[in-house]
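# Structural description and commentary
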Amino acid sequence: MSAGFGERVRAALRSSGPLCVGIDPHAALLDAWGLTQDAAGVREFGLRTVDAAAGRVAIVKPQVSFFERFGSAGFVALEEVLAAARAAELIVIADAKRGDIGSTMDAYAAAWLTPGSALEADALTVSPYLGVGALDGVFSLAAQHGKGVFVLAATSNPEAEPLQRSRGDDRSVAAGVLAEVSRRNAQAVAADEWGSIGVVIGATVDWSAAGIDAFAPAAPILAPGFGAQGAEPADLAHRFGAMAACVIASESRSILGAGPDGIAAAIEARVAQYQEAARG
């Protein structure tokens, strides 16, 4: 790949808009779709979602846990969904939230970010709470293969506040994560390019309360919380301010709840709402 992951996302957001379709085969959704509670069910769910997303959005985000709960057969199903999504030229973010140290973390990176791997994705979500430096092997491997990484920074679940908003010398933990990510991006890209190490910032996060601010160089922001969790397309610009152009707006239940026969129309309708919000 000639362009880094950050630049690929930048181009995708410009051409297709911010909507990212989550592939989250919750048990209740499998029932609603008339699918079985097993690996075959999540495989069918995932493949149908990929079919509906292809050509309508640029990015999908499979939630690994919903496949993992069915053991090895679930991982085989996930492998097929990942391969189908990438074959459809979708950017695939594996939402696995891995976080460890040393060779263990490097092995996770190899599993998800190595070209030709059974679980190959375009990007992986990771946890920095063993230290951002513990992820340097992941960042290195991702850069080598034109892949991306999304580091959890400020999530919108209430349980996160005591940790992510706690303060060290002069900034919150979340702000420290952002600073470490930005420093690494600045070392890797030209001033006018997007970094390939992105961050996860919830769409309902109060940036001021979390102690975070706009950052440079620009990099993709994966923003869960749109749709069922309360944020709407019209909220994107004021919630993210100067960083709004970097946002990947992740939605799952708000779209998947339309069912297998309605999901394509639901995606199209939501894309139109983001387009309208951007014009307004």
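Our subject in this report is the structure included herewith. Keep in mind that this is a model prediction, so the values were computed, not measured.

## Describing the packing of helix α3 (residues 39-53) against helix α5 (residues 71-87)
The interhelical angle for the contact between α3 and α5, taken along N-to-C directions, is 10°, at an axis separation of 8 Å. Taken together, the axes of α3 and α5 are roughly parallel relative to one another. Along the contact surface, α3 presents A39, V42, R43, G46, L47 and V50, while α5 presents A73, G74, A77, E80, V81, A84 and A85. Class assignment for the residues of the contact of α3 with α5 results in nine nonpolar, two polar and two charged.

## Looking at the environment of G137
Tracing the chain through its elements places G137 in helix α7 (residues 136-144). The class of G137 is partly exposed, set by a relative accessible area of 30%. Taking the C-alpha atoms as reference points, G137 and S127, 10 residues apart in sequence, are found 14 Å from one another.

## Points about the side chain of Q63
Mapped onto the fold, Q63 is located in the loop between β2 (59-62) and α4 (65-68). Among the residues examined, Q63 registers a relative accessible area of 14% and is labelled buried. Within the structure, Q63 has its side chain in polar contact with the backbone nitrogen of S65 (distance 3.1 Å). Within the structure, the side chain of Q63 is placed 3.2 Å from the side chain of D95, a separation counted as a polar contact. What Q63 contacts, discounting residues up to four positions off in sequence, is I23, D24, D95 and K97.

What counts and how
Residues numbered from 1 in each chain as written. Predicted model: local features only at pLDDT ≥ 70, side-chain atom pairs only at ≥ 80, totals over all residues. Heavy atoms only, no water. Axes fitted to C-alpha atoms, helices over the stretch in contact; angles between N-to-C directions. Helix = DSSP H or I, 4+ residues; strand = E, 2+ residues; numbered from the N terminus. Parallel < 35°, antiparallel > 145°, perpendicular 65-115°, else oblique. Contact = heavy atoms within 4.5 Å. Nonpolar A, V, L, I, M, F, W, Y, C, P; charged D, E, K, R; others polar. Buried < 20%, exposed > 50% of the residue type's maximum accessible area, 1.4 Å probe, protein only. Polar contact = N/O pair within 3.5 Å; in protein donor to acceptor, adjacent residues only side chain to side chain.

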